[in-house]
Amino acid sequence: MRILFIHGFASSGAYKAADALRILCRPCEVLAPDVPIEPHEALAMLTRHCRDFRPDVVVGLSLGGFWAQKLRGLPKVLINPDLHVSTFLRTRLGTNAYLSPRKDGATTFEVTAAQCDAYRELELTEYDNLDPEEIGRTTGLFATHDELIHCHDVFEAHYLGRAYWYPGTHLPNFGALRRHIVPHIVRLAATMPTVM
């Protein structure tokens, strides 16, 4: 099985959840690129990754969940997805520090009002082309004690019956991944073919 893991805000492909998936989903391959903050660059890069590497399932955490749900035709698990990215980013305008190492060595990045506007434009088409098959390829997992993002209700409104709660906080630990998240990943990859 090949997994494309998409990290969250201020993170990187080196985030510990990617390594946890490598352990818990053995012998799978986990692709975990460093995603740019510029939204159009990020979407283009992730679309290329899907075309070139053909993952069996996409796993997106937080901001990564926003990106994952944009990748139509692929089985996907969204973990605490931020479906209102532009609103969240407006609280982070200016210089921000990366919380995990980036391959290019960058330690900080800028969030600008123009980027927030570009995310808002992408949000306007967030739920376009959702047919029953696409809804069936998408699972949303939501922490009962998420201290940061609260998008369960909006997800459930568009992906009826595809949202599940798990005990935990916004960033799932190894135990939550093992007990509550990986079973959804494995099941979805096994039952939903990619149709890109």
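Below or above, wherever it landed, is the structure these notes cover. Once a new chain begins, its residue numbering starts again from 1 and follows that chain's sequence as written. Only residues with pLDDT of at least 70 get local features here, since the model is predicted, and only at 80 or more are side-chain atom pairs given and counted; chain-wide, interface and lining totals rely on the full set of residues. Heavy atoms from the whole structure form the basis of all side-chain values; hydrogens and water molecules are not counted.

1. Considering the side chain of Thr139
Link 1 in the chain: Of note, Thr139 is situated in strand S7 (residues 138–143).
Link 2 in the chain: You can call Thr139 buried: its relative accessible area is 3%.
Link 3 in the chain: Contacts are assigned to residue pairs with any non-hydrogen atoms lying within 4.5 Å of each other. In contact with Thr139, not counting residues within four places along its chain, are Lys76, Val77, Leu78, Phe155, Arg162, Tyr164, His184 and Leu188. Each helix is a run of H or I in the DSSP string that is no shorter than four residues. Each strand is a run of E no shorter than two, and both are numbered from the N terminus. Residue burial is assigned from relative accessible area. The probe radius is 1.4 Å, only protein chains are included, and a residue is buried under 20% of its type maximum, exposed over 50%, and partly exposed in between.

2. Let's talk about the sheet that holds strand S4 (residues 76–79)
Link 1 in the chain: Pairing in this open sheet of six strands is parallel, and the strands run S2-S1-S3-S4-S7-S8 from one edge to the other. Sheet topology places strand S2 (29–31) and strand S8 (163–166) at the edges, where each strand pairs with a single neighbour. On average, each strand axis in the sheet is tilted by 20° relative to the strand beside it, whichever way the strands run.
Link 2 in the chain: Angles run from 0 to 180 degrees between N-to-C directions of axes, and those axes are lines fitted to C-alpha atoms, restricted for helices to the stretch in contact. Contacts from helix H2 (residues 39–53) reach strand S1 (2–6) and S2 within the one sheet, and its direction differs from that of S1 by about 175°. DSSP bridges decide pairing: two strands pair if at least two such bridges lie between them.

3. A closer look at the side chain of Ser62
Link 1 in the chain: One can find Ser62 in the loop between strand S3 (57–61) and helix H3 (63–70).
Link 2 in the chain: Setting aside residues no more than four positions away along its own chain, Ser62 makes contact with Gly8, Ile79, Asn80, Pro81, Asp82, Ile149 and His170.

4. Regarding the nonpolar core
Across soluble globular proteins, nonpolar side chains show a tendency to be buried alongside one another.
Link 1 in the chain: Only buried residues count toward a nonpolar core, which is a set of Ala, Val, Leu, Ile, Met, Phe, Trp, Tyr and Cys residues joined through side-chain atoms within 4.5 Å. Counting residues in each nonpolar core, the largest one holds 36 residues, and the members touching the most others are Ile6, Phe9 and Trp67.
Link 2 in the chain: Within the residue set of this core, elements represented by two or more residues are S1, H2, H3, helix H4 (85–89), strand S6 (108–111) and helix H5 (113–123).
Link 3 in the chain: Excluding residues that lie within four positions of it along the chain, Trp67 makes contacts with Ile6, Val35, Pro39, Ala42, Leu43, Leu46, Tyr119 and Leu122.
Link 4 in the chain: Ile3, Val30, Val59 and Leu61 belong to the second-largest nonpolar core, a separate cluster that totals 26 residues.

5. Digging into H5
Link 1 in the chain: Where H5 is concerned, the buried positions are Gln115, Cys116, Ala118, Tyr119, Leu122 and Glu123. Considered in projection along H5, the buried side chains sweep an arc of 160° and stay on one side of the axis. Facing away from the buried side of H5 by more than 90 degrees, the exposed set consists of Ala114 and Glu121. By construction, the arc corresponds to the directions joining the helix axis to the C-beta atoms.

6. Things to note about the pairing of S7
Link 1 in the chain: Across the six residues that make up S7, a large majority, six, are buried.
Link 2 in the chain: Pairing of S7 with S8, which is carried by four bridges, proceeds in the parallel orientation. Residue Gly140 lies in a different strand from S8, and its bridge partner there is Ala163.
Link 3 in the chain: By the criterion used throughout, a crossover qualifies as right-handed when its path from the first strand across the helix to the second strand runs clockwise, the strands pointing away from the viewer. Read from S7 through helix H7 (residues 152–158) to S8, the crossover connection turns out right-handed.

7. Some words on the pattern of salt bridges
Link 1 in the chain: Any carboxyl oxygen of Asp or Glu that lies within 4 Å of a side-chain nitrogen of Lys or Arg is treated as forming a salt bridge with it. If you walk through the whole model with that rule in mind, you get seven salt bridges.
Link 2 in the chain: Here Asp52 and Arg51 are joined by a salt bridge, their closest N and O atoms 3.3 Å apart.
Link 3 in the chain: For Lys76, the salt bridge is made with Glu134, and the minimal N-O distance between the two is 2.4 Å. With Lys76 in strand S4 and Glu134 in helix H6 (residues 132–136), this residue pair connects regions lying 58 residues apart in the sequence. In this structure, Lys76 and Glu134 share a single accessibility class: buried.
Link 4 in the chain: One salt-bridge network, held together by shared partners, links Lys76, Glu134 and Arg137.

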